[in-house]
Amino acid sequence: MRLRSPTQCCCHRELQLPAAVITNAIDINPGEADLEIQQARRRSPPGARTFGHRGGAQQSRGWEVQRYDGWYNNLLHHGRAAAGARLLRLLPANYADGVYQALQEPWVPNARQLSQAVAQGPSGLPSRRNTTVLAVFFGFHVMLDILGTENAGCPAEFLNIHIPAGDPVFDPAGTGDVVLPFQRVSWAPETGQSPNSPRQQTNEVTGWLDGSSIYGPSHSWSDALRSFSGGQLASGPGGRLPRETDGKIPMWKALDPSTGQGGPQGIYDLGSAWGNESPFLQAQSIAWFRYHNHLAQALAQAHPSWSDEDLFQHARKQVIATFQNIVLYEWLPTLLGTHVPDYRGYQQHLDPSLSPEFVVAAGQFLATMMPPGVYKRTPECQFQRVPGPSGSFPAMRLCNSYWSRKLHQADETVVDNLLLGMSSQIAEREDNVVVEDLQDYWYGPLKYSRTDLVASRLQRARDMGLPTYNRARQHFGLRPLHSWQDLGPHLEQQVLEEVAALYANNTAGLELLPGGMLEADSSLFSAIILDQFVRLRDGDRFWFENTNNGLFTEQEARQIRNTTFHDVLVAVTHAEDTDLQAHVFSWSQGDPCPQPQQLTAQHLASCTPLTVLDYFAGSGAGFGLIIVLLCCLPLVTLLVAWVVAALRRRDFKRLQKPRSSSVHGEVTSEAMPAMEWHGHKADRALVYIQLHADKVLRVLDGRGSVLRSISLRAQPRVEVILSSNKGNKALLLKSPKEFDLVLLFSEEAERSIFLGKLQGFLKESSLELQLSEMKEQSLLRQAVTREQRKQILETFFRHLFAQVLEINRSDAGELNLESSQAAKGSLMCELSRAEFAEALGLKAHSTFVDSMFSLADKDGNGYISFREFLDILVIFMKGSPEEKSKVMFRMYDIDGNGFLSKEEFLRMLRSFIEISNNCLSRDQAEQVTDCMFQASGFQDRDELTWEDFHYMLRDHDSELRLTQLCVRGVPEVFKQNLCSRVSFIARKEPRGTISEEEQNPGLGTMGNCVEREGQELRKRAGRRLNQHQLHLYTEARRRKLERSRAQQKLQELKRFVENYRRHIVCAGLFCAVTAGVFLERAYYYAFMSPSTGISQTTLVGIILSRGSAACISFLYSYILLTMCRNLLTVLRETFLNRYIPFDAAVDFHRWVAMAALIFSVLHTAGHVVNVYIFSVTPLSVLSCLFSSIFTNDGSQLPQKYYWWFFQTVPGMTGVLLLVVLAVMYVFATHHFRRVSFQGFWVTHHLYVLLYVLVIIHGSYALIQQPRFHLYFIVPALIYSADKLLSLSRKKVEISVLKAELLPSGVTHLRFQRPQDFEYKSGQWVRVACTALGTTEYHPFTLTSAPHEDTLSLHIRAVGPWTTRLRELCAPESLALMGMLPKLYLDGPFGEGHQEWHKFEVSVLVGGGIGVTPFASILKDLAFKSSIGCKLLCKKIYFIWVTRTQRQFEWLADIIREVEETDREELVSVHIYITQLPEKFDLRTTMLYICERHFQKVLNRSLFTGLHSITHFGRPPFVPFFSSLQDIHPEVQKVGVFSCGPPGMTKSVEQACRQLNKKDQTYFAHHYENF
């Protein structure tokens, strides 16, 4: 080759700049470099030598190094033709709206139809100017050097190509649904906003002929291509090919449409991202790669002292100059057949920017010359055949070579052979015809493997808003088209007719691209191309012929002008000078190696047909599984919670077990162990069988407790059935009048031992044993189980009550011929003593059961038959008071002498007291007996006749009349009938009043007696009645205002709004804010979304996810305020409490939490939709949506669904958040909170992790910038301050002064009152015991009063922590520790109970341990009454609901103190004992009678010793509250304060709501559950 000596590069230098200026010019800093260059030009002395390069440059360069990105080529307009610059429109934009919307159907023809009309035709016609294929692909390489407009724009916009139905290539099935996607290219974001500034596309590479296709369009790109050794570009093994890409350079990696292969393998690192589009284009790039390294090697040999940077820049300068020369003076004249104007020097004011007209015209002009295949030949002119799927072929098929990865598998000579083959092959003719490889099999976009190149270029022209054909011709001084025939006679008439029809015969509407293609001489395309290249040359300051830039001298420029592409190919291939024609861009007769033939598609392999990618293929099952797993998170958490709860229950049971030695010792010596079988669906249980001398067989549990006693004395023979299979382990002991006993032994030997013992026992008892055998399955089927016996007894009782109450037999069940024999047999059964006791709800050996059973068992056989039970039941259900008193008299007349002695009367009384756990001592019972004898005038008698006994009950005839025998298991169908016959017990009216029973005899019904019971609640025995109580029964009868149902509902709604207006307003405001937050984000992303275009991709998903995310941020932030207990306690005492219901903070916390959970589910659902859409969205769109994560490299394959879930920070934190939420919400449910408070406490502290994950989740800014802090900062600061205040108190140890163990598992703690500890009665604290762990706090209400010097708590052992605390306070534990435990205290905290004094009338309802807040209130009330403190509260009703009065005896002392100090009758106390049977039961009736006698004589309760009235059963809240409206008519609002089990507080709440519906007194309910 004719290569100039490298030593000639260091000649005369006109422009010499300081090194710092050159360094800055190399580094991208467009703002300051230009100023420094101009200043340097002014201050640099003549002859100064300049250089600039990496680390320690030598003075070998005195010229300005051209920037890689094209900036500062023009020193007046720095960014002209630079990378990222706008295209320069030669004519005004032709958009549909004049701004950016492209012309589409029906304004312009369908792109595919127009492509078929214009570009179809015969191929295989050679170029008129014998242009070689090498010139065509060299032209595409030149386009890569100056043009980069293929990158998709953001947001993604599409001009999809609709395929006509029946298209033979794309729609052979004729569906008419095929649409080829076509994405619009990138544009300058500041354009396209108005008609004055229509959309302008941008060029991603430099527009200069500066070798960017060789060195890259940026400094970093160039550095990635270099080896930094000897000035060379990095090469792969062998040094003849570039290095395969490693991902550092964003090379385009489109899929091979013929094989579907993708990835970086076979993709070389080149200067242009699109350089690997085909092997033929790769060969062009590799030739220039080799040429650079060839020059660098030569320079290194000539100048061994030069640095790598010197060598690289000198070689680069020489390569760029050679490339410029070949393009302008060798390739372009050959391509256009036109002389290029002479160079007249650099024109600074000329704009060389690329035009959109050139972008489309040049590409299409070259496309018409593309052949269907490319030859390969050796330097010896041997044309190689190419292997294919069905044999070998003369050339490589173009359509099967796009983005082929095969070149890296071949040796380095393949590139040489391709270059040589293209130099010998004649290109297609310069006409309108495009080969099918481009028109039908061009590599497709997105999921389509094939598309139409001509249709795509038509759409690109419309995308860029190109002018019409006539306007473009006029611009270049060409004659416009007036008729279709003017296009030329070379076209077939059919083509003209089809094109004219598509444009509605309007030549003015003909577009530039089809018009230019149809020209005979391509005059318009030639003019556009020539104009562009001349402007590029004349406007380039670094053009090699511009001697003013200091790059080359005139002599050097002339030498470069003499270098041809033939010289380059000879230098970089194995070909000799004579193996190629001198002018390689054309082939003339006589040139070496002529092509064998002009190629056509028939000579080559078939094109691989269209395939459509399914991005979601194979992902459906996995995606669905993930959705199922996410949905199952709560279920898994429920399972974990269940396990935790089970473990907690097990540990608690262990704590409750007495620490005594095992009881097995008392049963193992005599008893035989076995497993008792209870039925197929029941679990087996380990039991011990004992044989007693009184002909009784006892079944014991592991503790030695008697589970069952089977009497054998009434059986003439004992029937035992043994199993004869399955190891002979089963034994069935028949019990004719009870359920059978089935025992399973571990082995046959144990059964034999037990059988032997049983035989000996029966022989000693003179009983006969009847043995038989059968298979185990038959044995179990024949056994009568406990469940079967229960069903028999149910039928027994149904028919028993049906006969007594004369109820329809249909309710009891007909016993006709169709009924089963088993049902009839159930009426023949007899009740044992144990079953009779169980029916009465008593123990088998209680006095009452003994007396009643002996009376009923007339035949004395130890069982009660149907008739015997019926006789006794009839008396109690239908008998008169006299008959009932006679029965009771006979029951307790033990000796049957017709008299009831005091001892027998005492026995009767104690039998009634047994049902209340023997709550009275013998002395108390004797005292009651004496009182009753004295009240009846029998104090001098020791025995009573029946008449005396009945006289003693003379004042209680009405009670006895309604009294019946309460039997468990009464069918529900009889409940209403029973209730219609019995009533509650009410006291007699005070003298001077007329009872309603006298006025209306029908008031003995259930409803009226309930009302009377409510009235009785407010009466105090031994106290004078106030003026309202005198007329209480009659005042309560008011006539209801007749209203329609609609009016009633309206009234209820009105009252509801009035009663809950604070809650409604606050909740409404909060809901409105939440909805506003959601709608704001939803509107933003639906209509004002950012330029990424995400709303066009996933509208529903993004609206759901972003709207709910905003709500979650708001809700999870402000939910903290509901837990600022100290703040709420302070605010409750301010005027704000009149407007904000601070007492509902916990309920509001739950409500906000549930709303947050709902929005979390919506957020998850939205992202599930997003993940699916993103998994099927091509990479070109994803790179717009997530530019910081994805880069569009042409591969189009999106990330799989699991990447979004588990390999991104938002996805992983989102999954973890769902896990945390599932754990927190499940353990916060009512059930698990009660079962395992510790689990609730621990899991709820995951809120710290929750907020950390939320912050990380949103901070990744995948879709939008973080906004969580906008909501979170203020609530977090307030909550932190509140928490710090609590922490400051928690770490102060408080000494316990007194620890006392009270009955019913109550522990009384009295401890020091911290300094400045101010509280109000009814408030609560959180306590931790240092000996049990300092992190576990539990809430308890203070039972001390504010005036006391110490604090006290009454804590009931109902869970593990409270049980351990009780054990810790036991005397033996205190003796071991030597000191009382210490506490940590947090509080006090306010609640609604502290507002009891703000109501004129207050009702305090305490259930069980829930009386603790009222203990403090009652103490406070007693103290204030004693000092004469004036209170707003005028009346307090305290209702204590307890299972037994012994359960909380410590409260009796407080009530007694209140009774003694309450001189103004401010407090009315009523105690309800719920353990007793229904009020109308015989036993309860008798206790009530005794209680009234005791109250009458001694003015105090028999059970509590208080003046307060004791009731039996549950309080009727509705009638009680209703009568309060009458007794206090002047009171507008009554405060109701309840604390206790949820069931009780719920009953109180329902009663308040029911009465609040009426337009009367309002009941404000404040409650706490425990």
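A brief look at the structure comes next. (Residues numbered from 1 in each chain as written. Predicted model: local features only at pLDDT ≥ 70, side-chain atom pairs only at ≥ 80, totals over all residues. Heavy atoms only, no water.)

1. A short note on the overall build of the chain
Part 1 of the argument: Assigned secondary structure in the chain consists of 58 helices and 32 strands.
Part 2 of the argument: Scored against the burial criterion, the 1570 residues of the chain give a buried share of 56%.
Part 3 of the argument: Here the contacts in the chain between residues at least 6 apart in sequence split such that 75% fall between residues at least 24 apart.
Part 4 of the argument: A total of about 67000 Å² of accessible surface is found on the chain, and carbon and sulfur atoms cover 54% of it. (Helix = DSSP H or I, 4+ residues; strand = E, 2+ residues; numbered from the N terminus. Buried < 20%, exposed > 50% of the residue type's maximum accessible area, 1.4 Å probe, protein only. Contact = heavy atoms within 4.5 Å. Areas by Shrake-Rupley, 256 points an atom, 1.4 Å probe, with all protein chains shown as cover.)

2. Examining the sheet that holds strand S18 (residues 768-774)
Part 1 of the argument: Across the sheet, which stays open at both edges, the eight strands sit in the order S14-S13-S12-S11-S17-S16-S15-S18 with mixed pairing between neighbours. Looking at which strands have only one partner, the edges of the open sheet turn out to be strand S14 (706-711) and S18. Adjacent strand axes in the sheet meet at a mean angle of 30° when their direction is disregarded.
Part 2 of the argument: Bridge analysis of strand S12 (residues 685-692) against strand S13 (residues 696-700) gives five bridges, and the strand direction is antiparallel. (Pairing = 2+ DSSP bridges. Axes fitted to C-alpha atoms, helices over the stretch in contact; angles between N-to-C directions.)

3. Some details on helix H39 (residues 1045-1059)
Part 1 of the argument: With 15 residues, H39 extends 21 Å from end C-alpha to end C-alpha; this agrees with the ideal 21 Å at 1.5 Å per step.
Part 2 of the argument: Taken as a whole, H39 has its buried residues at Gln 1051, Arg 1055 and Asn 1059. Take H39 and look down its axis: the buried residues cluster within an arc of 65°, on one side only. Exposed positions of H39 whose direction lies more than 90 degrees from the buried face are Ala 1046 and Leu 1050. (Expected span 1.5 Å × (residues − 1). Arc of directions from axis to C-beta.)

4. Examining the side chain of Asn 1192
Part 1 of the argument: Inspection of the secondary structure assignment puts Asn 1192 in the loop between helix H45 (1179-1185) and helix H46 (1201-1206).
Part 2 of the argument: Of note is the side chain of Asn 1192, whose polar atom sits 3.3 Å from the backbone nitrogen of Gly 1194.
Part 3 of the argument: Filtering out sequence-adjacent residues up to four positions away, Asn 1192 remains in contact with Ala 152, Trp 252, Leu 1179, Ser 1180 and Ser 1183. (Polar contact = N/O pair within 3.5 Å; in protein donor to acceptor, adjacent residues only side chain to side chain.)

5. Description of helix H57 (residues 1517-1527)
Part 1 of the argument: Within H57, nine of the eleven residues are buried, which leaves it mostly tucked inside the rest of the structure.
Part 2 of the argument: Three or more residues of H57 are buried, namely Phe 1517, Pro 1519, Phe 1520, Phe 1521, Ser 1523, Leu 1524, Gln 1525, Asp 1526 and Ile 1527.

6. A few points about the environment of Arg 1150
Part 1 of the argument: Summarising the element assignment, Arg 1150 is placed in helix H44 (residues 1145-1175).
Part 2 of the argument: Here Arg 1150 falls in the partly exposed class, since its relative accessible area comes to 41%.
Part 3 of the argument: Taking the C-alpha atoms as reference points, Arg 1150 and Ile 1119, 31 residues apart in sequence, are found 9.1 Å from one another.

7. Side note on unusual backbone geometry
Part 1 of the argument: That bond from Glu 105 to Pro 106 is cis: its omega, 5°, falls within 30 degrees of zero.
Part 2 of the argument: With respect to the secondary-structure elements, Pro 106 resides in the loop between strand S1 (85-86) and helix H3 (111-119).
Part 3 of the argument: Here Leu 446, not a glycine, exhibits a phi torsion of approximately 50°, which is positive.
Part 4 of the argument: Of note, Leu 446 is situated in the loop between strand S9 (442-443) and strand S10 (450-451).
Part 5 of the argument: Exposure remark for Leu 446: the relative accessible area of 13% places this residue in the buried category.
Part 6 of the argument: We note that Asn 505 has phi near 60°; this positive angle belongs to a residue other than glycine.
Part 7 of the argument: For Asn 505, the location among the structural elements is in the loop between helix H14 (493-502) and helix H15 (512-518).

8. Concerning the environment of Gln 116
Part 1 of the argument: As for its position among the elements, Gln 116 is in helix H3.
Part 2 of the argument: For Gln 116 and Ala 455, which are 339 residues apart along the polypeptide, the C-alpha to C-alpha distance reads 8.7 Å.
Part 3 of the argument: With residues up to four places along the chain from it excluded, the contact list for Gln 116 reads Asp 167, Pro 168 and Gln 439.

9. A look at the sheet that holds strand S21 (residues 1293-1302)
Strand pairs in the sheet, formed through backbone hydrogen bonds, run parallel or antiparallel to each other.
Part 1 of the argument: Pairing in this open sheet of six strands is antiparallel, and the strands run S24-S23-S26-S21-S22-S25 from one edge to the other. If you trace the sheet from one side to the other, it starts and ends with strand S24 (1338-1341) and strand S25 (1350-1356), each paired once. Adjacent strand axes in the sheet meet at a mean angle of 40°, parallel and antiparallel pairs treated alike.
Part 2 of the argument: When strand S23 (residues 1324-1329) meets S24, the two strands line up antiparallel, connected through four bridges. Paired with Val 1327 across the two strands is His 1338, which belongs to S24.

10. Some details on a nonpolar patch on the surface
Part 1 of the argument: Where nonpolar side chains cluster on the molecular surface, the patch consists of Val 1209, Val 1248, Leu 1249, Val 1252, Ile 1256 and Tyr 1260 and spans about 460 Å² of accessible area.
Part 2 of the argument: For the nonpolar patch, the element with the most residues is helix H50 (residues 1247-1259), which contributes four residues.
Part 3 of the argument: Considering the arrangement of structural elements, one finds Leu 1249 in helix H50. (Patch = residues over 30% accessible without salt bridge, like charges linked within 9 Å, V, L, I, M, F, W, Y side chains within 5 Å. Salt bridge = Lys/Arg side-chain N within 4 Å of Asp/Glu carboxyl O.)

11. Structural notes on the environment of Val 1441
Part 1 of the argument: Note on placement: Val 1441 falls in strand S28 (residues 1435-1442).
Part 2 of the argument: For the pair Val 1441 and Ile 1409, spaced 32 residues apart in the sequence, the C-alpha separation amounts to 9.7 Å.
Part 3 of the argument: With near-sequence residues (within four places) excluded, Val 1441 lies in contact with Gly 1406, Gly 1407, Gly 1408, Tyr 1472, Thr 1474, Pro 1515 and Met 1544.

12. Examining the nonpolar core
Part 1 of the argument: Among the nonpolar cores identified, the biggest contains 157 residues, and Phe 138, Trp 288, Trp 331, Leu 438, Phe 533 and Phe 565 are the most heavily contacted of them.
Part 2 of the argument: No other element matches helix H8 (residues 308-336), which puts 15 residues into this core.
Part 3 of the argument: Residues contacting Leu 438, with those up to four places away along its chain left out, are Ala 367, Met 370, Leu 398, Tyr 402, Thr 451, Asp 452 and Leu 453.
Part 4 of the argument: Judged by nonpolar contacts, the second largest core, of 35 residues, contains Ile 864, Met 891, Phe 905 and Phe 938. (Core = buried A, V, L, I, M, F, W, Y, C linked by side-chain atoms within 4.5 Å.)

13. Here we look at the state of the cysteines
Part 1 of the argument: Summed over the entire model, instances satisfying the criterion amount to three disulfides.
Part 2 of the argument: Cys 154 shares a disulfide with Cys 1184; S-S distance 1.9 Å. Disulfide Cys 154-Cys 1184: torsion about the S-S bond near -80°, hence left-handed. Taken together, the residues Cys 154 in the loop between helix H4 (133-146) and strand S2 (161-162) and Cys 1184 in helix H45 connect sequence positions 1030 residues apart. (Disulfide = S-S within 2.5 Å.)

14. With respect to the pairing of S12
For a regular strand, the rule is simple: side chains alternate between the two faces of the sheet.
Part 1 of the argument: Bridge count between strand S11 (residues 672-676) and S12: five bridges; the pairing is antiparallel. Bridging from a neighbouring strand, Glu 676 pairs with Ala 685 of S12.
Part 2 of the argument: In this antiparallel pair of consecutive strands, S12 and S13, the connection spans three residues, and Lys 695 shows a positive phi of 60°.

15. Some remarks on the pattern of salt bridges
Part 1 of the argument: Following the criterion strictly, the structure yields 37 salt bridges and no others.
Part 2 of the argument: A salt bridge links Arg 1150 to Asp 1147, with the shortest nitrogen-to-oxygen separation between them at 2.8 Å. Within this pair, Arg 1150 and its partner Asp 1147 are both found in helix H44, separated by three residues, close to a single helical turn.
Part 3 of the argument: Note that Glu 1549 and Arg 1553 form a salt bridge whose closest N and O atoms lie 2.7 Å from each other. Within this pair, Glu 1549 and its partner Arg 1553 are both found in helix H58 (residues 1542-1556), separated by four residues, close to a single helical turn.
Part 4 of the argument: Taken together, the shared-partner salt bridges connect Glu 150, Glu 157, Arg 184, Arg 199, Arg 460 and Asp 463 into one network.

16. Focus on the packing of H44 against helix H47 (residues 1209-1227)
Part 1 of the argument: Axis separation between H44 and H47 bottoms out at 12 Å; the angle between their running directions is 150°. One element, H44, and the other, H47, form an angle in the roughly antiparallel class. Relative to H47, H44 is oriented so that their crossing is left-handed. Across from Ala 1153, Met 1154, Ala 1156, Leu 1157, Ser 1160 and Thr 1164 in H44, the residues of H47 making contact are Leu 1218, Leu 1221 and Tyr 1225. (Parallel < 35°, antiparallel > 145°, perpendicular 65-115°, else oblique. Left-handed = near helix turned anticlockwise from the far one by under 90°.)

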